[in-house]
Amino acid sequence: MEKGPFSVEWLAQSSRGGAREMPGESRPCPPGSPRDREAAERRSPGHGAVPAGAVPGRSRTKFSAEQLQELERSFREQRYIGAGEKRRLAAVLNLSQSQIKTWFQNRRMKFKRQTQDAR
């Protein structure tokens, strides 16, 4: 039987950590080794700036006073935003529709907390 990359012998060796590397594959480093730390740093941009469990992505949006004023005004009129209003606000405030949608979701949760705390 051939000792190729998917043979029984190869699988047995790989479970003991003695398998040959396949071309183009990288072998896992022992935990705590300098090479392991370097690999971890390459995987996590910011070198630990992202809290554990958080998904790295966009940075937090800092809304201007004018943007917040317009978003709050729109929220007072209607807590749930429609597609047309979302497009209009996105264009007027120079934000993405996704940012508008997320702001409204967060604002509804804040409103819910405030009303529950007031009781």
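Residues numbered from 1 in each chain as written. Predicted model: local features only at pLDDT ≥ 70, side-chain atom pairs only at ≥ 80, totals over all residues. Heavy atoms only, no water.

Things to note about the overall build of the protein chain
No. 1: Helices and strands together make up the secondary structure of the protein chain, namely five helices and zero strands.
No. 2: Along its sequence from the N terminus, the protein chain presents helices and strands in the succession α-α-α-α-α.
No. 3: Burial statistics for the protein chain: of 119 residues in total, 20% are counted as buried.
No. 4: Of all intrachain contacts in the protein chain linking residues separated by at least 6 positions in sequence, the fraction that spans at least 24 positions is 37%.
No. 5: Accessible surface, the protein chain as shown: approximately 9,700 Å² in total, 52% of it carbon and sulfur. (Helix = DSSP H or I, 4+ residues; strand = E, 2+ residues; numbered from the N terminus. Buried < 20%, exposed > 50% of the residue type's maximum accessible area, 1.4 Å probe, protein only. Contact = heavy atoms within 4.5 Å. Areas by Shrake-Rupley, 256 points an atom, 1.4 Å probe, with all protein chains shown as cover.)

So, helix α4 (residues 83-93)
No. 1: Within the sequence span of α4, burial applies to Lys 86, Leu 89, Ala 90 and Leu 93. Angularly, the buried residues of α4 cover 100° about the axis, an arc narrow enough to put them on a single face. In α4, the exposed positions angled more than 90 degrees off the buried face are occupied by Ala 91 and Val 92.
No. 2: Those residues of α4 that are buried lie in contact with α3 (65-77) and α5 (97-118). (Arc of directions from axis to C-beta.)

Quick word on the nonpolar core
No. 1: Residues Leu 71, Phe 75, Ile 81, Leu 89, Ala 90, Leu 93, Leu 95, Ile 100, Trp 103 and Phe 104 constitute the largest nonpolar core, which totals 10 residues.
No. 2: Mapped onto this core, the elements with two or more residues apiece are α3, α4 and α5. (Core = buried A, V, L, I, M, F, W, Y, C linked by side-chain atoms within 4.5 Å.)

Focus on the side chain of Gln 67
No. 1: Its location among the elements puts Gln 67 in helix α3.
No. 2: You can call Gln 67 buried: its relative accessible area is 13%.
No. 3: If we ignore the near neighbours within four places in the chain, the residues touching Gln 67 are Lys 62, Leu 93, Asn 94 and Leu 95.

Some details on unusual backbone geometry
No. 1: Phi at Asn 94 is positive, roughly 60°, even though this residue is not glycine.
No. 2: Take Asn 94: it is sitting in the loop between α4 and α5.

Considerations on the layout of surface pockets
No. 1: Of the volumes computed, that of the largest pocket is approximately 460 Å³.
No. 2: Per-element tally for the lining of the largest pocket: the top contributor is α5, with five residues.
No. 3: Of the residues belonging to the lining of the largest pocket, the class tally is three nonpolar, seven polar and three charged. (1 Å grid on protein atoms, 1.4 Å probe; cavity = no way out; pocket = protein on both sides within 12 Å on 5 of 7 lines; lining within 4 Å. Points joined across faces, edges and corners; volume = space filled by probe spheres on them. Nonpolar A, V, L, I, M, F, W, Y, C, P; charged D, E, K, R; others polar.)

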